[in-house]
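Survey of secondary and tertiary structure
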Amino acid sequence: MAGMMITFPGRWVEGTGLVLGPGLLLAGVLTRLGSDDFFPGQLAAYVADPGRMVLSYSLFAAGVVLLWPAVTALARLIGATHPGWARWGLTLVVLGLFGRVFHAGASHLAFQLVDALGPAAAQRVVEATYGAFHVFKAVNVCVMGGWIVLAVGAYRSRALGPVRCVALGLAAGLPLGVLKGSTDPVSLAALLGLAVALMPLGVTMLRNGPAPLWWAVALTVASVPAAFFIGMAG
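Residues numbered from 1 in each chain as written. Predicted model: local features only at pLDDT ≥ 70, side-chain atom pairs only at ≥ 80, totals over all residues. Heavy atoms only, no water.

Thoughts on the nonpolar core
Most often, soluble globular proteins keep nonpolar side chains buried together rather than apart. Grouped together as the largest cluster of nonpolar side chains are 34 residues, with contacts concentrated most on Leu67, Leu74, Trp147, Leu150, Leu168, Leu194 and Leu198. For this core, the leading source of residues is helix H3 (residues 50-79), giving nine residues. Excluding residues that lie within four positions of it along the chain, Leu150 makes contacts with Val71, Leu74, Ile78, Gly89, Leu90, Val93 and Leu168. Ala110, Val126, Val178 and Leu179 belong to the second largest nonpolar core, which has 14 residues in total. (Core = buried A, V, L, I, M, F, W, Y, C linked by side-chain atoms within 4.5 Å. Buried < 20%, exposed > 50% of the residue type's maximum accessible area, 1.4 Å probe, protein only. Helix = DSSP H or I, 4+ residues; strand = E, 2+ residues; numbered from the N terminus. Contact = heavy atoms within 4.5 Å.)

Here it is in structure tokens:
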């Protein structure tokens, strides 16, 4: 229809990302609470309780992925009055999320090395390759700086209140890299800040507007286990 604006990915995806993204990140870190934050300790924690560590890193990775629709929603609010801050903030944060997904994949491989080679050999491999070059080193500054830009944009545009803008900026303090436990007080403050900044906006977005069609909800719920089955079969 002429003149009709369609926003992507849409209210339900964005609202779900705003609520579940920070929630899954926090759940992932709390699940690994008690383990040393650096890679020898993370590998040792996997040896002691592989199920717990796999769950922890899986929750964290899923939370990272769900943050992209979350920050898209926030950037749209910022862009209504400050489009430059919205574009730069969104671009930098999403580039940073790509970097975190890469780190999650490398961490997964490190855990598989423990199973395939044993703990001692796996640690030697990680030690020898930890500083190896990869293209995502270029986005390390985006991992931290993007949240600051987005927080300033949210403050200038009044998309969020001052307290929630400060809380959003705290996300810049979350450590980056492979096999990072992220259970220190600074990391927990960063994740709590992200939850305070984004989750209320997600609840508001999900509550405002018509409810989804029942068959759309059923199809979405059914697609999750179906996607896992297809992925495992492939």
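As for the pattern of salt bridges
All told, the structure shown has two salt bridges when counted by the stated rule. When the shortest N-O distance is used, the salt bridge between Arg76 and Glu14 registers 2.9 Å. Residue Arg76 is found in helix H3, and its partner Glu14 is found in helix H1 (residues 11-31); the two are separated by 62 residues along the sequence. (Salt bridge = Lys/Arg side-chain N within 4 Å of Asp/Glu carboxyl O.)

Description of the side chain of Ser157
In this fold, Ser157 is placed in helix H6 (residues 140-157). A distance of 2.8 Å separates a polar side-chain atom of Ser157 from the backbone oxygen of Gly153. Reaching out from Ser157, the side chain makes a polar contact with the backbone oxygen of Ala154 at a distance of 3.4 Å. Apart from the residues within four sequence positions on either side, Ser157 is in contact with Ile78, Thr81 and His82. (Polar contact = N/O pair within 3.5 Å; in protein donor to acceptor, adjacent residues only side chain to side chain.)

Remarks on the UniProt feature "transmembrane region" (unreviewed entry) in the protein chain
Here the UniProt-annotated "transmembrane region" (unreviewed entry) positions come out as residues 12-34, 54-78, 90-111, 131-152, 159-179, 185-206 and 213-233. Within the segment residues 159-179, helix and strand shares are 38% and 0% respectively, and the terminal C-alpha atoms sit 34 Å apart. With 95% helix and 0% strand, the stretch residues 213-233 has end C-alpha atoms that lie 30 Å from each other. (UniProt positions renumbered as here; feature names shortened; annotations may be inferred.)

Overview of a nonpolar patch on the surface
Residues Val13, Val65, Trp68 and Val101 make up a contiguous nonpolar surface patch of about 320 Å² in total accessible area. The topology assignment puts Val65 in helix H3. Its relative accessible area of 42% is what places Val65 among the partly exposed residues. (Patch = residues over 30% accessible without salt bridge, like charges linked within 9 Å, V, L, I, M, F, W, Y side chains within 5 Å. Areas by Shrake-Rupley, 256 points an atom, 1.4 Å probe, with all protein chains shown as cover.)

Some thoughts on the packing of aromatic side chains
By the definition in use, this model includes four aromatic pairs. Their ring planes at 25° and their centres at 5.2 Å tell us that Phe39 and Tyr130 sit as a pair that is stacked. Pair noted here: Phe39 is in helix H2 (residues 39-48) and Tyr130 is in the loop between helix H5 (119-129) and H6, with a separation of 91 residues, a long-range link. Judged by its relative accessible area of 14%, Phe39 is buried. (Phe/Tyr/Trp six-rings, centres within 6.5 Å; stacked < 30°, edge-to-face > 60°.)

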